[in-house]
Amino acid sequence: MAAKSSGQLPVAKAINESLRASLEADPKVLVMGEDVGKLGGVFRVTDGLQKDFGEDRVIDTPLAESGIVGTAIGLALRGYRPVVEIQFDGFVFPAYDQIVTQLAKMHARALGKVKMPVVIRIPYGGGIGAVEHHSESPEALFAHVAGLKCVSPSNANDAYWMMRQAIESDDPVIFFEPKRRYWDKGVVDTSAIPAPLHEAHVARPGTDLTLAAYGPMVKTCLEAAAAAEEEGRSLEVVDLRSMSPIDFDTVQRSVEKTGRLVVVHEAPVFYGSGAEIAARITERCFYHLESPVLRVGGFHAPYPPARLEEEYLPGLDRVLDAVDRSLAY
Amino acid sequence: MTVESTAARGTSRSSSGKRTAAAKTAAKKAPAKKSASRAKRGSAPAQPELVQLLTPEGERVEHPDYAIDLKPEELRGLYRDMVLTRRFDSEATSLQRQGELGLWASLLGQEAAQIGSGRALRDDDYVFPTYREHGVAWCKGVDPANLLGMFRGVNNGGWDPNSNNFHLYTIVIGSQALHATGYAMGVTKDGADSAVVAYFGDGASSQGDVAEAFTFAAVYNAPVVFFCQNNQWAISEPTEKQSRVPIYQRAAGFGFPGVRVDGNDVLAVLAVTRAALEHARSGQGPMLVEAFTYRMGAHTTSDDPTRYRADDERVAWEAKDPILRLRTYLENEGLADEAFFAGLEKESEELGVSVREKIRTMPDPDTMAIFENVYADGHALIDEERAQFAEYLASFADADETAGTAGRGH
Ligand SMILES: Cc1ncc(C[n+]2csc(CCOP(=O)(O)OP(=O)(O)O)c2C)c(N)n1
Ligand SMILES: [Mg+2]
């Protein structure tokens, strides 16, 4: 087992340790992508891996995302378990064809005879003041596709374990890494028995209203819940962790208790995962709901230039505004 | 002639002051035919020739296929362009360090590749750049301050591409090669004799979009010049990670000529690009120019090249500096006097001051700009979201007035 200690690790380092442990545990695991070798990735998530596992297993690829994912599919057909890195959210689209038309459908087309244990790591989301194509949240474009699984950890411990589980999964997993949380530290317990990959987690219990989020917005929701507490409101925060499948049972249990739900994500709300959650929870909890399910997220506009992202991104105020509106019903 | 391998990575280099007539490049008449046989795995093919008209030592040499005859003021003009471009670039790098820009992609070392090709263009020629073509933008008359907006984070583009026939910077690697090709197809349909230049990097040469652009350009005989600045690196990956053959040789497989030019020799780049543009204009279709150069700085201000490349490589390329060699030539031939250099120094200072001034007074966009220009014909949802957001923001103003409390930060 690689990860030696259960100390405090930043999210990026937790993923690094997870990749290391996976490379050690299974010789079929490969890491591939642009600049993942010597540089260790632009976020250093693969730092030191090529040095320790060699160029055959930690592979600097040509600059071609369709090539990266397409060859990962071929490697998977040959029995490997590729973990590919897409450098930034906005650069996954050259690979979108391979992901949607090939990766997602291969298992079904082969009557279940072949497996596609491919993990596609995508640092996603905003908040780092980057130029365009470096701050997007395209998860709905993948969650919408049958055959793919989509997850996003919100903290270091989940980052470690969810990556290990994603690599062990025989299905393709799009692993959305909340890039603005890469440097947030948390305790990583490498000896714990992790929760199932697609299970949601109640990150903070409460009674008045449920906030559901994943990835970078979990922290925002926890902060909102703390702020609301000062105003005498008890918010429950559900960390969904997985956007496909979604653990509706956990959300349902929470909403049956609180009667109110606000879903928060950075991605645009129009056709976003919040829409799916709102619909399902309304179907499941209609008689428990005290107010309509509300969504907080991005607008139907391109991700704005960095100087506007603070206003664009859902923050404490936007979340609490939705909480106010929900409670006002 | 200096044949430069991608250095420090094992292959041999040679350097000599003269070239032979046998060293013809593949351009025009003879698209590289034999290239493929050279690429046998494990063999160490001789490095291909590159067109050079001015040696690193500042000596004029001739090339059988590419001649150039410039007046002294034209030579001084190229020198001025390169000096001012470098000045602008270094100013931008400092502005990033001072927090005025979020990011900067420096062109340091690539001035000759950009000025040489940029000065070969006519006004009606259209350029599709990457994110590093500050020198080409200069040649096309784009206000340098405009280039900074995107890097400062006040816009996602920032200029009207049609006002200078200089398209927006494109960050998604390789995309613009197809746009350039399509634009060139349109030029042909219009019966015009303009040409189009698609700039891209060595790394970009791996992208499917670039290969598809080659295909389309060849099939439609589009008047497009594919101008690849091989600066030896795609972030941390050396060119060998992208290609087993020299990039210019790829053109042969698509059925159009490719040529490698010394990208640090502004005269050679100018001559070769002129020829390539003429090739396009005269109905002969696309051509690939590989400008062999070097990214002297980091990939961007976010990058730390010490993690992946040795300093001696950089030092070796310093000796081939594009500006220095032209200066040596101008001085040795008595083509520019002290007053010229002093005047340029002053102009360079003034450019620095004006760029700093412009960036520091560049206003932040209005919040509501988020909703602007998303559609040409409008969209009901945007109208709704804009109104809701305006109301939401106004609620803070009301709260501020009544309770005197500030918002909690969005
Ligand atoms: C489709 C896509 N993938 C990845 C990136 C991230 N990226 C930005 S620049 C770059 C390297 C580009 O190298 P090259 O084409 O040689 O141009 P250079 O930066 O050297 O000018 C990479 C991988 C991107 N911008 N777009
Ligand atoms: Mg390059």
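Residues numbered from 1 in each chain as written. Chains lettered and ligands numbered in written order. Predicted model: local features only at pLDDT ≥ 70, side-chain atom pairs only at ≥ 80, totals over all residues. Heavy atoms only, no water.

Let me state the cut-off plainly: UniProt positions are given in the numbering used here, feature names are shortened, and annotations may be inferred rather than shown by experiment.
Going by an unreviewed UniProt entry, chain B carries the name Pyruvate dehydrogenase (Acetyl-transferring) E1 component subunit alpha and comes from Streptomyces chumphonensis. Under the UniProt heading Cofactor (unreviewed entry), the entry covering chain B gives this text: "thiamine diphosphate".

Per an unreviewed UniProt entry, chain A carries the name Alpha-ketoacid dehydrogenase subunit beta and comes from Streptomyces chumphonensis.

### Some thoughts on the site of ligand 1
Where we set the bar: Definition of nearness: a residue and a molecule or strand are near each other if at least one heavy atom of the residue lies within 4 Å of the molecule or strand. As used in this structure description, the phrase polar contact means that two N or O atoms lie within 3.5 Å; if the pair is within protein, one of them must be able to donate a hydrogen and the other to accept it, and residues adjacent in sequence are counted only when both atoms belong to side chains. Polar here means any residue other than Ala, Val, Leu, Ile, Met, Phe, Trp, Tyr, Cys and Pro, which are nonpolar, and Asp, Glu, Lys and Arg, which are charged; Gly is therefore polar.
Neighbouring residues of ligand 1: 20 residues in total, closest Glu65 of chain A together with Tyr131, Arg132, Ile171 and Gly203 of chain B. In this structure, ligand 1 sits where chains A and B come together, each supplying nearby residues. Taking Gln87 of chain A, its side chain carries an N or O atom lying 3.5 Å from a nitrogen atom of ligand 1. Between an oxygen atom of ligand 1 and a main-chain N or O atom of Trp233 of chain B, the distance comes to 2.8 Å. Tallied by class, the residues present in the shell around ligand 1 amount to 10 nonpolar, 6 polar and 4 charged.

### Here's the deal with a nonpolar patch on the surface
Residue and element names in this part refer to chain B. Condition: Patch membership requires over 30% relative accessible area and the absence of a salt bridge. Like charges are linked within 9 Å, and nonpolar side chains (Val, Leu, Ile, Met, Phe, Trp, Tyr) within 5 Å. Only the protein chains shown count as cover for residues, and all accessible areas are computed by the Shrake-Rupley method using a 1.4 Å probe. Note on definitions: salt bridges are taken to be side-chain nitrogens of Lys or Arg within 4 Å of carboxyl oxygens of Asp or Glu. Helix and strand assignments follow DSSP, with helices taken as H or I runs no shorter than four residues and strands as E runs no shorter than two, numbered in order from the N terminus. Classification of residues uses two cut-offs on accessible area relative to the type maximum, computed with a 1.4 Å probe and protein chains only: under 20% is buried, over 50% is exposed, and between them is partly exposed.
On the surface, a cluster of nonpolar side chains totalling about 320 Å² of accessible area is made up of Phe216, Val219 and Tyr220. By the secondary structure assignment, Tyr220 is in the loop between α8 (208-219) and β5 (224-230). Here Tyr220 falls in the partly exposed class, since its relative accessible area comes to 48%.

### Focus on the domain arrangement of chain A
Residue and element names in this part refer to chain A. Stated formally: Domain limits in this description derive from either an automatic procedure or a database domain assignment. Residue contacts follow a heavy-atom distance rule, with two residues in contact if any of their heavy atoms lie within 4.5 Å. By buried area we mean the combined loss of accessible area, with a 1.4 Å probe, across both parts when two parts are placed together.
As far as domains go, chain A holds domain 1 (8-188) and domain 2 (201-328). For domain 1 and domain 2, the distance between their C-alpha centres works out to 26 Å. Contacts between the two partners involve 28 residues from domain 1, matched on the other side by 23 residues from domain 2. For the pair domain 1 and domain 2, the summed buried surface comes to about 1,800 Å²; carbon and sulfur atoms form 50% of the total. Where domain 1 touches domain 2, the interface holds 3 salt bridges. Listed by contribution, the elements that provide at least two residues to the side of domain 1 that touches domain 2 are α6 (139-143), β6 (149-151), α7 (156-168) and β7 (173-178). Taken together, the residues that form the side of domain 1 that touches domain 2 break down as 12 nonpolar, 9 polar and 7 charged.

### Thoughts on the sheet that holds β5 of chain B
All names here are of chain B. Test applied: By definition, two strands form a pair when at least two bridges between them are found by DSSP. Structural elements are reduced to axes, namely lines fitted to C-alpha atoms, with helices fitted over the stretch in contact, and the angle between N-to-C directions of any two is expressed from 0 to 180 degrees.
Reading across the sheet, the 5 strands line up as β3-β4-β5-β9-β8 and stay open at both edges, with parallel pairing between neighbours. Here the strands that pair on one side only, and so sit at the sheet edges, are β3 (126-128) and β8 (258-262). Taken pair by pair, the neighbouring strands of this sheet meet at an average axis angle of 20°, ignoring direction. Across 6 bridges, the pairing between β5 and strand β9 (residues 287-292) is parallel. Among the inter-strand pairings, Gln229 is bridged to a residue of β9, identified as Ala291. Against the sheet, α8 touches β4 (196-201), β5 and β9, its axis set at about 150° to β5. Against the sheet, helix α10 (residues 266-284) engages β4, β5, β8 and β9, with an angle of about 160° to β8.

### Re the pairing of β7 of chain A
On a regular strand, each side chain points to the face opposite its neighbour's, so the side chains alternate between the two faces of the sheet. Residue and element names in this part refer to chain A. We apply this condition: By convention, a crossover is right-handed whenever its connection, traced from the first strand over the helix to the second and viewed with the strands pointing away, goes clockwise.
With 6 of 6 residues buried, β7 lies mostly within the body of the structure. What you see with β7 is no split at all: Val173, Phe175 and Glu177 on one side and Ile174, Phe176 and Pro178 on the other are buried throughout. For strand β5 (residues 119-124) and β7, the ladder comprises 6 bridges, and the chain directions are parallel. In the sheet register, Ile122 faces β7, and the bridge partner there is Phe176. Pairing analysis gives 3 bridges linking β6 to β7, with the strands arranged parallel. Residue pairing across strands places Cys150 opposite Ile174, the latter belonging to β7. Handedness of the β6-α7-β7 crossover: right-handed.

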